[in-house]
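# Examining the three-dimensional arrangement
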Amino acid sequence: MRVRAAIPLAIALGIAWPAAAQTPAAEPAAAPAIGPEAAGPVLNLVQRGIPAEASAENGVLARERALAAGRRTAWERLATEAGTTAPNLSDSQIDNMVSSIVIEQERTSPTRYAGRITVNFNGNRVRGALAGRVPGLAPPAAAAGGATATPGGPASNWVDAVAIYHSMGEWLEMLRRLKGAGPVASVELRAIAVDAARVRLGLRAPVESVAGDLGGLGLQLAPAVGTRPGEAWRLVLAGGP
């Protein structure tokens, strides 16, 4: 009788009953982790501590060259870590795979730039570039409707433009928006100064159509007034100079 009375009391007080009375159920096995590893090799899309150094006739051009060299170093390191050799791509093709750059540290002079950067790559674009080179690497993620997401087709139209800006920050913002624009296949820098740069744009559609798309991204691409050779179009941030 005392044992029977003790059972409800033990339950009420949360006291565990001896194992002989009831064997606890075994805990379920942990489910296997599901992540990028399940789809194949993992790509290190964030490359930190990349050196970026270059010299040029002015500090602005030196910085551009240094960042281009840094992006290339990061791309080659990414491919090496994935177990392959990086495809030989142009600076603009590598830039098209970069989502952003973070300046870790920098030193500037009138003709030289030296820094260390973090380069963040776009996963789908990197997978597209390394497809067939890394065993087991999953193809780019499927887009809505079953289509495969790719960087887009090659350029079919080319235009020369002069980008006008007030500061290096504005210039980098213009580059970021151009790089993220679907109709823009490439951006080739021809010359640069402290307030303007001459670029050659590779477009995937007629320039008039692309100009409308860029307007939605806050970029204004319009025929230049009183143009000279190589300055057929003028590119500014919306609301800029």
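That block above? That's the structure.
In what follows, the accompanying structure is described.

Calculation rules
- Residues numbered from 1 in each chain as written.
- Predicted model: local features only at pLDDT ≥ 70, side-chain atom pairs only at ≥ 80, totals over all residues.
- Heavy atoms only, no water.
- 1 Å grid on protein atoms, 1.4 Å probe; cavity = no way out; pocket = protein on both sides within 12 Å on 5 of 7 lines; lining within 4 Å.
- Points joined across faces, edges and corners; volume = space filled by probe spheres on them.
- Helix = DSSP H or I, 4+ residues; strand = E, 2+ residues; numbered from the N terminus.
- Nonpolar A, V, L, I, M, F, W, Y, C, P; charged D, E, K, R; others polar.
- Pairing = 2+ DSSP bridges.
- Axes fitted to C-alpha atoms, helices over the stretch in contact; angles between N-to-C directions.
- Phe/Tyr/Trp six-rings, centres within 6.5 Å; stacked < 30°, edge-to-face > 60°.
- Buried < 20%, exposed > 50% of the residue type's maximum accessible area, 1.4 Å probe, protein only.
- Left-handed = near helix turned anticlockwise from the far one by under 90°.
- Contact = heavy atoms within 4.5 Å.
- Salt bridge = Lys/Arg side-chain N within 4 Å of Asp/Glu carboxyl O.
- Expected span 1.5 Å × (residues − 1).
- Arc of directions from axis to C-beta.

Moving on, we get to empty space enclosed by the protein. A water-sized probe, rolled over the atoms, reveals where empty space remains. Enumeration according to the criterion identifies 1 cavity of 30 Å³ or more in this entry. For the largest cavity, the calculated volume is near 60 Å³. Sorting elements by how many residues they give to the lining of the largest cavity places strand β5 (residues 184–192) first, with 4 residues. Of the residues contributing to the lining of the largest cavity, the split by class is 4 nonpolar, 3 polar and 2 charged.

Moving on: the sheet that holds strand β8 (residues 233–237). Taken in spatial order, the 5 strands of this open sheet run β5-β6-β4-β8-β7, and their pairing is mixed. Unpaired on one side and paired on the other, β5 and β7 (219–223) mark the two borders of the sheet. This sheet shows a mean twist of 30° between the axes of neighbouring strands, independent of strand direction. Pairing between β7 and β8: 5 bridges, direction antiparallel. Bridged to Pro 223 within β8 is Trp 233.

This part takes up the packing of aromatic side chains. Taken as a whole and assessed by the stated rule, the structure comprises 2 aromatic pairs. Taken together, a centroid distance of 6.3 Å and an interplanar angle of 50° make the contact between Trp 75 and Phe 121 tilted. One end of the pair, Trp 75, is in helix α2 (residues 59–81); the other, Phe 121, is in strand β3 (residues 112–121), with 46 residues separating them in the sequence. For Trp 75, a relative accessible area of 1% translates into the label buried. Ring geometry for Tyr 165 against Trp 171: centres 5.4 Å apart, planes inclined by 35°, an arrangement best described as tilted.

Next up on the list: the packing of α2 against helix α5 (residues 168–179). At a closest axis distance of 12 Å, the pairing of α2 and α5 adopts a crossing angle of 35°. For α2 against α5, the interelement crossing comes out right-handed. Where α2 abuts α5, its residues Val 60, Arg 63 and Glu 64 lie against Met 168, Trp 171, Leu 172 and Leu 175. Across the contact of α2 with α5, the residue classes break down as 5 nonpolar, no polar and 2 charged.

A few words now on the pattern of salt bridges. All told, the structure shown has 9 salt bridges when counted by the stated rule. The partner of Arg 72 in a salt bridge is Asp 91, and the shortest N-O contact between them spans 2.8 Å. Here Arg 72 is found in helix α2, whereas its partner Asp 91 is found in helix α3 (residues 91–96), with 19 residues between them in sequence. By relative accessible area, Arg 72 is classed as partly exposed at 22%. Judged by its relative accessible area of 40%, Asp 91 is partly exposed. Note that Arg 200 is salt-bridged to Asp 160, the shortest N-O span being 3.3 Å. Placement of Arg 200 in strand β6 (residues 196–203) and of Asp 160 in strand β4 (residues 157–164) is noted, with a sequence separation of 40 residues between them. With relative accessibility at 21%, the residue Asp 160 sits in the partly exposed group. Look at the salt bridges and you will find they share partners, linking Arg 71, Asp 95 and Lys 179 into a network.

Turning our eyes to something else, we now look at α5. The first and last C-alpha atoms of α5 sit 16 Å apart over 12 residues, in line with the 16 Å expected at 1.5 Å per residue. Turning to α5, its buried residues number three or more, namely Trp 171, Met 174, Leu 175, Leu 178 and Lys 179. Relative to the axis of α5, the buried residues are bounded by an arc of 130° and lie together on one face.

Turning to its location among the elements, Pro 110 is positioned in the loop between β2 (98–108) and β3. Since its relative accessible area comes to 68%, Pro 110 is described here as exposed. Here the alpha-carbon distance between Pro 110 and Glu 57, two residues 53 residues apart in the chain, equals 8.0 Å. Those residues in contact with Pro 110 that lie beyond four places of it in its chain are Glu 57, Asn 58 and Gly 59.

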